[in-house]
Amino acid sequence: MTPHIKAKKEEIAPVVLMPGDPLRAKYIAENFLDNYKLVNEVRNMFMYTGEYKGKKITIAGSGMGCPSIGIYSYELFKFYDVETIIRIGSAGSYDPNVKIYDLVNASKVYGENSYAKIVADIDEQVLSAPGKVYEVINATAQEINQPVVTGTIHSSDVFYRKHPDDWKKIHDHYQAVCVEMESFALFANAIELKKNAACLLTISDSLVTGESTSPEERQTNFVKMMKLALESAIKL
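One structure accompanies this document, and this report is about it. What you are looking at is a predicted structure, and each value in this text was computed from that prediction instead of being measured.

The tally for this structure, following the rule as stated, stands at six aromatic pairs. Taking the centre distance of 6.1 Å and the plane angle of 75° together, the rings of Tyr 36 and Tyr 48 count as edge-to-face. Note that Tyr 36 is positioned in strand S2 (residues 34–40) and Tyr 48 in strand S3 (residues 47–52), a separation of twelve residues in sequence. Ring plane angle 10° and centroid distance 3.8 Å describe the contact between Tyr 110 and Tyr 174, whose orientation is recorded as stacked. Of this pair, Tyr 110 sits in strand S6 (residues 103–111) while Tyr 174 sits in helix H5 (residues 166–174), and the two are 64 residues apart along the sequence. Owing to a relative accessible area of 10%, Tyr 110 belongs among the buried residues under this scheme.

Right, dumping it as C-alpha cells:
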C-alpha cells in the first residue's frame, strides 16, 4: 500500500489505463473487462483490475491536473512495478481540422509548469512520449481502421485563464493540436523512472468553434478511445 492507493501489489497489472474521471474507470471496467475487481477506492479514486481478451489490465482514475496524476502515476510506477501507463482523457482542440470526438495520440507534450524540473531535474518544457507505446497505439489504430491525429499537445495547469485567447499563441509557437491537463507529469514520471507512457485523447470541445460535450458524454461516449487503448494494451 501507499499513502494514496490501498491495493495490494499483486492486484495492480503491469499495464494501466488512466482516465481522469474515476467514474470513467468504473464504466470501462464494467463494460470491457472480465473478472474485474475494485482494488482501490481511497478518496473515491477508483481502480479496477480485470482481464481484457485474457490479459490482466488495471483501469485507474488519475484525477485532474499534473499534481494529481503525478502522485498516482509515480506510486504505480515506483511501488507497484507498473511498466506502462496509457492516459485516456479528454482534450480541447486548438486546430480547426481536429473535430469533436476525434482521437489524438500525443507524440510530444508542452508542459506549462515546473513539474518535470522538480521531479526529474528536466529543464525541457517539451517532452516526447517515453518508450514504445506511442508507436504501438499508431500501429493498432491502423490495424483496426481507427483514424488518429498525432502531434504535440499542450498540458496546462490552468483551466480558467486571465487571457482566454492565450491558446492561439501556444498553438502557433508549439504547433499544439489540443490542450489537456495531465500528460506532462505522466511523461516526466515515466522518464525519471525509466517506464513507458502514452497519452490518448478524445476531443471533447473546441476552442476554435466553441463546440463542447456534456460530462455524461465524456464519461460514457468515448468508446473509440477506450477500445483503441485496450487493443493496444494487450500488445504490451
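Looking now at the pairing of S2. Pairing between S2 and S3: four bridges, direction antiparallel. The partner of Asn 40 across the bridge, within S3, is Met 47. Hairpin connection between S2 and S3: a loop of six residues separates the two successive antiparallel strands, and Arg 43 in this loop has a positive phi of roughly 55°.

Definitions and cut-offs
Residues numbered from 1 in each chain as written. Predicted model: local features only at pLDDT ≥ 70, side-chain atom pairs only at ≥ 80, totals over all residues. Heavy atoms only, no water. Phe/Tyr/Trp six-rings, centres within 6.5 Å; stacked < 30°, edge-to-face > 60°. Helix = DSSP H or I, 4+ residues; strand = E, 2+ residues; numbered from the N terminus. Buried < 20%, exposed > 50% of the residue type's maximum accessible area, 1.4 Å probe, protein only. Pairing = 2+ DSSP bridges.

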